[in-house]
Amino acid sequence: MAPTALLVTSNRHKLEEARAILAPLGVRLRGRSRRLPEPQADTLEEVARAKLRSLGAIRGPVLVEDSGLFLEGLHGFPGVYSAYAFRTLGLDGLLRALADRPREARFRTVVGLRNGSRIHLFAGELAGRISREPRGSGGFGFDPIFEPRGGSRTLAELPPGTKNRISHRGLAFRAAARRLGGTSGELRPGPPGPAPRRRRSATH
Ligand code: ITT
């Protein structure tokens, strides 16, 4: 039987991408649309842990993820505040805030996996630059202004499938898939339970 996990997110684009990333690895992803509380925190890791803690009892392996766009020219902003910046400033507001500052940027995703009482974190990163104007119609969120390093097209201009091969999310979910598959390729669901006491981070 194919390993199966549940992804809890309010963002349907994340679910679509994560499914496409995991399908070739034989991992089936179910989705649950829910906005989880995000505390004020300095790192995506802290937010991912808080999201996992807020889930309550769920049977089987459950995943959450937190992502952010880190702009060098704005000292890492919006980072953990990316969802807020996207809602309030939008792409144009962010481009204006960046003005003529350095355009280097990176996307980062931290996937949190809870299986029974165990927690693991998996991180992925994509380096690039912020374009002068939004371009392209693929992807979502900040994709139209993010040019991955080594090319001049934005993530939103790339052919379907390319983003998932190179992206922060692709890296983080593929690492999580390795853990989900275990050595035998089988998923062994742990017992359902509230916030675990023992925590192990496998962020890399
Ligand atoms: P959750 O329910 O999973 O928290 P969210 O959309 O609030 O969904 P985040 O806080 O992780 O998720 O996302 C931060 C912001 O960054 C949000 O506005 C996303 O649209 C955007 N974002 C996340 N991943 C992205 C990606 O791969 N490309 C472009 N924008 C992305």
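Relevant structure appears above.
Here the structure is a predicted model, which is why all the values come from computation and not from measurement.

Details of the site of the ligand
The local shell around the ligand holds 21 residues, among which Thr9, Ser10, Lys14, Lys51 and Asp143 are the closest. Serine 67 places a main-chain nitrogen or oxygen 2.8 Å from an oxygen atom of the ligand. Backbone polar atom of phenylalanine 142 to a nitrogen atom of the ligand: 3.0 Å apart, as the coordinates give it. Against a free-state accessible area of 620 Å², the protein chains account for coverage of 95% of the ligand. Using a 2 Å cut-off from the grid points, one finds that the ligand occupies the largest pocket. Elements represented by at least two residues in the shell around the ligand include exactly β3 (62-71), α3 (82-88) and α6 (168-181). A breakdown of the residues in the shell around the ligand according to their chemical character gives five nonpolar, seven polar and nine charged.

What about helix α1 (residues 12-22)?
All of the buried residues in α1 are Lys14, Leu15, Glu17, Ala18, Ile21 and Leu22. Of the surrounding secondary structure, the elements contacted by the buried residues of α1 are β1 (4-9), β2 (28-33), α2 (44-53), β3, α5 (162-166) and α6. Its side-chain oxygen 2.9 Å from the backbone nitrogen of histidine 13, asparagine 11 forms the N-cap of α1.

How each quantity is defined
- Residues numbered from 1 in each chain as written.
- Predicted model: local features only at pLDDT ≥ 70, side-chain atom pairs only at ≥ 80, totals over all residues.
- Heavy atoms only, no water.
- Near = heavy atom within 4 Å.
- Polar contact = N/O pair within 3.5 Å; in protein donor to acceptor, adjacent residues only side chain to side chain.
- Areas by Shrake-Rupley, 256 points an atom, 1.4 Å probe, with all protein chains shown as cover.
- 1 Å grid on protein atoms, 1.4 Å probe; cavity = no way out; pocket = protein on both sides within 12 Å on 5 of 7 lines; lining within 4 Å.
- Sits in = over half its atoms within 2 Å of the grid points.
- Helix = DSSP H or I, 4+ residues; strand = E, 2+ residues; numbered from the N terminus.
- Nonpolar A, V, L, I, M, F, W, Y, C, P; charged D, E, K, R; others polar.
- Buried < 20%, exposed > 50% of the residue type's maximum accessible area, 1.4 Å probe, protein only.
- Contact = heavy atoms within 4.5 Å.

Everything listed here is a matter of geometry and, on its own, says nothing about what the molecule does.
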